[in-house]
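Structural description and commentary
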Amino acid sequence: MADKQFDVLVIGGGPGGYVAAIRAAQLGFKTACAESNPYADPKGEPRLGGTCLNVGCIPSKALLHTSHLFEEAEHAFPTQGIKLSGKVSIDVPVMIERKNKVVDQLTGGIKGLFKKNKVTFLAGHGSFEGNGAGGYVVKVGAETVEAKHIIIATGSKPRHLPGIPVDNKIVCDNVGALDFDSVPKKLGVIGAGVIGLEMGSVWRRLGSEVTVLEALPDFMSFADVDVAKEALKVFNKQGLNIQTGVTIGETKVSKKGVSLAYTDKDGKEAKFECDRLIVSVGRVPNTDGLNAAAVGLNVSDRGQIVVDGHCRTNLPNVYAVGDVVRGPMLAHKAMEEGVMVAEIIAGQAGHCNMDTVPGVIYTSPEIAWVGKTEQQLKAEGIAYRAGKIPFMANGRALGSGDPTGFVKMLACAQTDRILGVHIIGANASELISEAVVAMEFGAASEDLARICHAHPTLSEVVHEAALAVDKRPLHF
């Protein structure tokens, strides 16, 4: 006999898990959420929110904001007539403490949401034990729980490289990169993905000499080619030393720093020394300890739980969402999947359109996209028209002192339906939402071209890009 019984048990308290639990409870299910406490608060109590709230999306944005203000004060203020007496300096411990307070507030807020929605929080890692009379039997800490429906949302963990041990002091993954106690004079970053570029940007702005080493031959090969070219140009100008086509060799770590041998894209051997090293080479699904074999849960060779388009596993009434399944490892994608699954359990038509999940990099300028890239359309043989407008032609961007970048819109040559939108520039993370809504409703570029946009706003560049698809921009 199980200690506790529920209609729905969510294993994992990250974005996908806690949102799934809340939605299931809203739909009338007796719901519990199990979290194994990998991120304890200062009192040792478990914190919800997963990687995103504790050591990912939220704390990194707090540091990005602080470092952006620091760089603005150093370089942008004088150009706008703002004078500061004395040299601008950064108090790193204060910056880190502010970041921690933001994390504490949000993670504590989830506990409040659980209480409000009557979700039972179970401290402990959920591990399958087998089948019971009322569903699946799961061990959570010292308790045995039985639930008819299971939602697995155990997230992901950083991928490490062999021969480069991570101690999160000298050699760091995303966790340690958020907690430096001082600005390193020389910082190395392995991997030019989202985490590498964001963390590299934070510490470069604060004074680090940053070198980014990327194994792939092309920079940001996942992005639209025009965006990648612009981003590389801007980042190099800012001072990020980005090298692609690199093969990492022997790495030596001491208390003083890291000595790293590598081969560059031309096959030339080189050596790099830094005070600290960030390893950001992707993430892997966190399926350890689930005891999937106990119930016959299908897990791929890559550690992903195998699911269909509605996040159903091979087992009846067992679902999986977020980083632990196929698709981009993004918090907002996990949340949408969590809502979808809860609604499917309730007999509703849950929905998560993978074609309209936006991607964002919170560097400066920000980079955001949704849908197909131009190179994808070419590879798939899809005829398209493109409209591309720079922020330099926008009054709000010029007035704000940051006219870097552009908006690029791709539409079907036959139907004019929007196929992709790619933005590099200030507030791209916010501007992309208009494109997401348009694509979700199957809009044409002409639809956006006919919508009145407030003036002066950055959103007018989206409007102009839509007009440019039909070769009739008004301000460029």
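Quick caveat: nothing in here was measured; it's all calculated off a predicted structure. (Residues numbered from 1 in each chain as written. Predicted model: local features only at pLDDT ≥ 70, side-chain atom pairs only at ≥ 80, totals over all residues. Heavy atoms only, no water.)

**Let's talk about a nonpolar patch on the surface**
Together, Val194, Ile195 and Phe222 give the surface a local cluster of nonpolar side chains, amounting to about 210 Å² of exposed area. With respect to the secondary-structure elements, valine 194 resides in helix H6 (residues 194–205). (Patch = residues over 30% accessible without salt bridge, like charges linked within 9 Å, V, L, I, M, F, W, Y side chains within 5 Å. Areas by Shrake-Rupley, 256 points an atom, 1.4 Å probe, with all protein chains shown as cover. Salt bridge = Lys/Arg side-chain N within 4 Å of Asp/Glu carboxyl O. Helix = DSSP H or I, 4+ residues; strand = E, 2+ residues; numbered from the N terminus.)

**Observations regarding the sheet that holds strand E13 (residues 257–263)**
Ordered by their spatial adjacency, 3 strands build an open sheet running E12-E13-E14, and the pairing between neighbours is antiparallel. Only two strands of the sheet have a single neighbouring strand rather than two, namely strand E12 (247–254) and strand E14 (269–274). Averaged over neighbouring strand pairs, the angle between their axes works out to 15 degrees when direction is ignored. Pairing of E13 with E14, which is carried by 6 bridges, proceeds in the antiparallel orientation. Bridge assignment links leucine 260 to a residue of E14, and that residue is phenylalanine 272. (Pairing = 2+ DSSP bridges. Axes fitted to C-alpha atoms, helices over the stretch in contact; angles between N-to-C directions.)

**What to know about the nonpolar core**
Counting 37 residues, the largest nonpolar core has Trp203, Phe219, Met220, Phe235 and Ile367 as the members making the most contacts within it. Broken down by secondary-structure element, the contributors of at least two residues to this core are helix H3 (57–79), helix H4 (92–117), strand E9 (186–190), H6, strand E10 (209–213), helix H7 (225–238) and strand E19 (366–371). When near neighbours in sequence (up to four residues on either side) are disregarded, isoleucine 367 contacts Met220, Val227, Ala231, Phe235, Gly359, Val360, Ile361, Ile423, Ile424 and Ala428. Among the nonpolar cores identified, the runner-up in size contains 31 residues, and Ile423, Val462, Ala465 and Leu467 belong to it. (Core = buried A, V, L, I, M, F, W, Y, C linked by side-chain atoms within 4.5 Å. Buried < 20%, exposed > 50% of the residue type's maximum accessible area, 1.4 Å probe, protein only. Contact = heavy atoms within 4.5 Å.)

**Section: H4**
The terminal C-alpha atoms of H4, which comprises 26 residues, lie 38 Å apart, in line with the 38 Å expected from a rise of 1.5 Å per residue. Buried-residue contacts for H4 involve helix H1 (15–26), strand E2 (31–35), helix H2 (50–55), H3, strand E3 (120–123) and H6. Residue lysine 118 follows H4 closely and has a positive phi angle near 60 degrees. (Expected span 1.5 Å × (residues − 1).)

**Concerning the pattern of salt bridges**
Under the definition given, this model contains 22 salt bridges. With a closest N to O distance of 2.7 Å, aspartate 179 and lysine 99 form a salt bridge. Of the two residues, aspartate 179 sits in the loop between helix H5 (174–177) and E9 while lysine 99 sits in helix H4, which places them 80 residues apart along the sequence. Residue lysine 99 is classed as buried on the basis of its relative accessible area of 3%. In this structure, aspartate 470 engages arginine 472 in a salt bridge whose closest nitrogen and oxygen atoms are separated by 2.7 Å. Residue classification places arginine 472 among the partly exposed residues on the basis of a relative accessible area of 25%. Each of Arg385, Asp416, Glu446, Arg450, Asp470 and Arg472 takes part in a single network of salt bridges with overlapping partners.

**Side note on the pairing of E13**
E13 sits mainly inside the fold: 5 of its 7 residues count as buried. Here E12 pairs with E13 via 6 bridges, running antiparallel. Residue pairing for E13: valine 253 is matched across the bridge by valine 258. If you look at the hairpin formed by E12 and E13, you'll find 2 residues sitting between the two strands. Remark: 5 residues form the turn of the hairpin made by E13 and E14, two consecutive strands paired antiparallel; glycine 267 in that turn has positive phi of roughly 85 degrees.

**Section: the side chain of threonine 313**
Within the secondary structure layout, threonine 313 lies in the loop between strand E16 (283–285) and strand E17 (318–320). The class for threonine 313 is buried, based on a relative accessible area of 11%. Of the polar contacts made by the side chain of threonine 313, one reaches the backbone nitrogen of leucine 315; its length is 3.1 Å. (Polar contact = N/O pair within 3.5 Å; in protein donor to acceptor, adjacent residues only side chain to side chain.)

What is shown is where atoms sit, not what they do.
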